[in-house]
Amino acid sequence: MRRTLNLAALLAMTFCFAVSAQAEPLLLYTSQPDGDVRTLVEAFAESCPGVEVRVFRSGTEEVVSKVLAEKMTGRVQADLLLLADAVTFERLKAEGVLAVYRSPEASALPDSVQDPDGTYCGTKVLATVLLFNTSAGKAVEPTWKALLDPENADRAMIASPLYSGAAAYQLGVLTRSEGFGWEFYEGMKANAVAVGKGNGSIITAVAGGDRLFGPVVDYMARRAKAKGSPVDYVYPAEGSPVITEPVGIVARENIRGEAKRFVDFLLSEKGQALFSGMGYVPVRRGVPVPDGLLGIDQVTVLSADSAMLIREREGDKARFSELFGY
């Protein structure tokens, strides 16, 4: 059996060499942090030598705008998309941007992170936590309502849904969840909650002491704490919006084999172990969850109807912009 597996691996690598010798570079559009995407691309290059991956990186909302603008001109330049949430990919699927590709690696993943139509698949689990500065001498209450507490007036920050896909998803979910609604965002505005560009701006503000706390995705909170920043984090008692940063292949007349292998690598045990080593919660069964984070089965998930979120996302962003003057 081992000999058969080794032979299969050798044949796969030989094929990879053969096709990549004359292949054009793959172009990946992503919202993943620069350092992480470099690590990912380098690891993929080791698995499939000779395949060059070039990267365009920005916030999810800006990447989507770029993709749709390119589509209007006749052709999306990207080969691959790795972006924040399933709602984003549902929108792109509806626009005809995504190809159908069912990776053989996806059988080891929960159905909940996969598009039933096969156009995208989640690569990791990103739950929202409340990051707080520990120099203040006390922990922030593990509740979203801490953002409304008069004692915390002018001491918190949230990310902008006009830039961050995670924040856009959070906006859509919370405004449609019992006990929140738009009244929650109006309350944050009244409590002088600041708006930063993305999750990174909240990390910077909280770690630097300019703000006491704010909601960020879990891996960023864990990473900041591990680096020695004076911060800690809690999972909100009411639950957390969860995104899965899906990957998808851009539709072409002929889908490139290198693009398929990139997707396979991300979903493989090796690729998922790589994500876990970076501090992300993996989606693949059997791959360890980083210390200090909760797996998907341990998080209280706040969610909303995907079709509604797709239909109303642009309106939500416009209403947020009007409310916060951002």
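Cut-offs used in this document
Residues numbered from 1 in each chain as written. Predicted model: local features only at pLDDT ≥ 70, side-chain atom pairs only at ≥ 80, totals over all residues. Heavy atoms only, no water. Buried < 20%, exposed > 50% of the residue type's maximum accessible area, 1.4 Å probe, protein only. Helix = DSSP H or I, 4+ residues; strand = E, 2+ residues; numbered from the N terminus. Pairing = 2+ DSSP bridges. Salt bridge = Lys/Arg side-chain N within 4 Å of Asp/Glu carboxyl O. Polar contact = N/O pair within 3.5 Å; in protein donor to acceptor, adjacent residues only side chain to side chain. pLDDT = per-residue confidence, 0-100. Contact = heavy atoms within 4.5 Å. Expected span 1.5 Å × (residues − 1).

Okay, the pairing of strand S11 (residues 246-249) next. Where burial is concerned, the two faces of S11 agree: the one with Pro-246 and Gly-248 and the one with Val-247 and Ile-249 are both buried. In the sheet, strand S3 (residues 80-82) pairs with S11 via three bridges, with the strands oriented antiparallel. Paired with Leu-81 across the strands is Gly-248, a residue of S11. Here strand S4 (residues 121-122) pairs with S11 via two bridges, running antiparallel. Opposite Gly-122, over in S11, you have Pro-246 as the bridge partner.

With a phi close to 65 degrees, Asp-154 is a non-glycine residue in the positive phi region. Structurally, Asp-154 can be placed in the loop between strand S5 (124-133) and strand S6 (157-159). The phi angle at Glu-245 is positive, at roughly 35 degrees, despite the residue not being glycine. Within the secondary structure, Glu-245 is located in the loop between strand S10 (240-243) and S11.

Overall, the coordinates contain 21 salt bridges when judged by the stated rule. With a closest N to O distance of 3.7 Å, Asp-79 and Arg-252 form a salt bridge. Highlighted residues: Asp-79 in the loop between helix H3 (60-73) and S3 and Arg-252 in the loop between S11 and helix H9 (257-267), separated in sequence by 173 residues. Taking the shortest distance from any N to any O, the salt bridge between Arg-319 and Glu-186 comes out at 3.9 Å. Within this pair, whereas Arg-319 is found in helix H11 (residues 306-324), its partner Glu-186 is found in helix H6 (residues 181-190), the two being separated by 133 residues in sequence. Where salt bridges share partners, they join Glu-61, Asp-85, Arg-91, Arg-313, Glu-314 and Lys-317 into one cluster.

Let's shift gears to helix H5 (residues 165-174). Buried residues dominate H5, accounting for 10 of its 10 residues. Among all positions in H5, only Gly-165, Ala-166, Ala-167, Ala-168, Tyr-169, Gln-170, Leu-171, Gly-172, Val-173 and Leu-174 are buried. With a side-chain oxygen lying 3.3 Å from the backbone nitrogen of Ala-166, the N-terminal cap of H5 falls on Ser-164.

Attention shifts here to the confidence of the model for the protein chain. Averaged over every residue, the pLDDT of the protein chain is 92; the share at 70 or more is 93%. Here residues 1-22 scores under 50 on pLDDT; set against residues more than four positions off or in separate chains, the count is 13 contacts.

A separate point is H3. In an α-helix, one turn spans 3.6 residues, which is why side chains three or four residues apart end up on the same side. If you check H3, its first and last C-alpha atoms are 20 Å apart, about what 14 residues at 1.5 Å a residue would give, namely 20 Å. Among the residues of H3, those classed as buried are Thr-60, Glu-61, Val-63, Val-64, Val-67, Leu-68 and Glu-70. A positive phi of about 120 degrees marks Gly-74, the residue just after H3.

For S5, the buried fraction is high: 10 of the 10 residues fall into the buried class. Residues of S5 alternate between two faces, with Lys-124, Leu-126, Thr-128, Leu-130 and Phe-132 on one and Val-125, Ala-127, Val-129, Leu-131 and Asn-133 on the opposite face, all of them buried. Across two bridges, the pairing between S5 and strand S12 (residues 281-282) is antiparallel. For Lys-124, the partnering residue across the bridge sits in S12 and is Pro-282. Sheet topology note: the S5/S10 ladder contains two bridges and is antiparallel. Bridging from a neighbouring strand, Ala-127 pairs with Val-242 of S10. Relative to strand S8 (residues 213-217), S5 runs antiparallel, the two being bridged by five bridges. Among the inter-strand pairings, Phe-132 is bridged to a residue of S8, identified as Phe-213. Bridge count between S5 and strand S9 (residues 231-234): four bridges; the pairing is antiparallel. Paired with Leu-131 across the bridge in S9 is Tyr-233.

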